[in-house]
Amino acid sequence: METSRVLRVNMLGGCTLSCGRSRINDVTCRSRKPWTLLAYLITFRNREVTQEELVELMDPEGKGVNPTSALKTLVYRTRSMLDALGYANSRDIILATRSGYAWNTELPMELDVDLFEVACQKAASSWIAPDQRLETCLTAVELYQGDFLGRSCGEDWVAPKATYYHSMYVHLVQTTVDLLMARERWMDVISLCERAIAIDGYEEFFYYHLIRALVRTGQTQQALEQYKKMYSIFYKELGVTPSMDLTALYRDIIKTTRQPTSNLTAIGQF
């Protein structure tokens, strides 16, 4: 066993643990409770988690007959799942403490949420050069593969963390778009905004700059199609219409292409 190998943990867009060539994730290992326990211990890795807290997490309605025994069984199952990573003894990862359990912070670990947060903080620093800021932003964008523990978004303890990282991501994309536009890297703006929309299809900023970049690269028809798609989503799913800025952008495109301005409500049918 190579205990010096780094354990890499990704929690942005699902949960994946990898060590060398070995990998486990919450898609192929579908049992929910071991992954909930695992993700919880990693998230709160800097403290001991009591048995009572874990019992409440796993059985909030208190329907279990023997919750302490059930928790021990769950820890055993989770450790067995971790064996696939190549550690000879899974107890090296999850430690039993006097009153509960804890993640072993002595093991070398690389966590994507930590890397993402550090990169966002660096990108926001006033001392960093513009080119270095852009490279930092692009690195951080790649780290954000989706919302924090997306398959557990309904959990009360997940929601605040998910909101926190998502807010950082939206601000990061805005900063990155500004830096790319200043360099007229329109194709990169398109790629960035398309990827951002795939993660969050309700953020108007992403559509606005995607449409602008499509126009700047001569893809006027694609820009119009994106507007219609965005309008349909906003109108049908959210019951709102685009902002004045986006509507003005749409009208400018129509004027440029000399197409008749159709009724905006009708666009929602596309």
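Above this note sits the structure.
The rules we used
Residues numbered from 1 in each chain as written. Predicted model: local features only at pLDDT ≥ 70, side-chain atom pairs only at ≥ 80, totals over all residues. Heavy atoms only, no water. Core = buried A, V, L, I, M, F, W, Y, C linked by side-chain atoms within 4.5 Å. Buried < 20%, exposed > 50% of the residue type's maximum accessible area, 1.4 Å probe, protein only. Helix = DSSP H or I, 4+ residues; strand = E, 2+ residues; numbered from the N terminus. Contact = heavy atoms within 4.5 Å. Pairing = 2+ DSSP bridges. Axes fitted to C-alpha atoms, helices over the stretch in contact; angles between N-to-C directions.

Trainee: Any chance you could explain the nonpolar core here in plain terms?
Mentor: A general trend in soluble globular proteins is that nonpolar side chains are found buried together. Ranked by size, the top nonpolar core spans 82 residues in total, and within it Met11, Leu17, Leu38, Ile94, Trp103, Phe116 and Phe148 carry the most contacts. A per-element tally of this core places helix α6 (residues 158-182) first, with 12 residues. The contact partners of Met11, leaving out residues within four places of it in the chain, are Ala39, Ile42, Thr43, Leu111, Asp112, Val113, Asp147, Phe148 and Leu149.

Trainee: Where do I start with the pairing of strand β6 (residues 100-103) in this structure?
Mentor: A regular strand places its side chains on the two faces of the sheet in alternate fashion. Side chains Gly100 and Ala102 of β6 all project onto a buried face; the interleaved residues Tyr101 and Trp103 project onto the opposite face, where all are buried too. Direction of pairing for strand β4 (residues 49-50) relative to β6: antiparallel, over a ladder of 2 bridges. Along β6, the bridge assignment pairs Thr50 with Gly100. Judged from the 3 bridges that link them, strand β5 (residues 94-96) and β6 form a sheet pairing that is antiparallel.

Trainee: Help me out: how do you make sense of the sheet that holds strand β7 (residues 109-111) in this one?
Mentor: Sheet strands pair via backbone hydrogen bonds, and the direction of the pair is either parallel or antiparallel. Read from one edge to the other, the open sheet built from 4 strands follows the order β3-β2-β1-β7, with strand pairing classed as mixed. Edge strands, defined here as strands with exactly one partner in the open sheet, are β3 (22-25) and β7. Neighbour-to-neighbour, the strand axes of this sheet turn through a mean angle of 15°, independent of strand direction. Pairing of strand β1 (residues 7-10) with strand β2 (residues 16-19) involves 3 bridges; the strand directions are antiparallel. Residue pairing across strands places Arg8 opposite Ser18, the latter belonging to β2. With respect to the sheet, helix α1 (residues 32-43) is in contact with β1, β2, β3 and β7, its orientation differing from that of β2 by roughly 75°. With respect to the sheet, helix α4 (residues 112-123) is in contact with β1 and β7, its orientation differing from that of β7 by roughly 60°.

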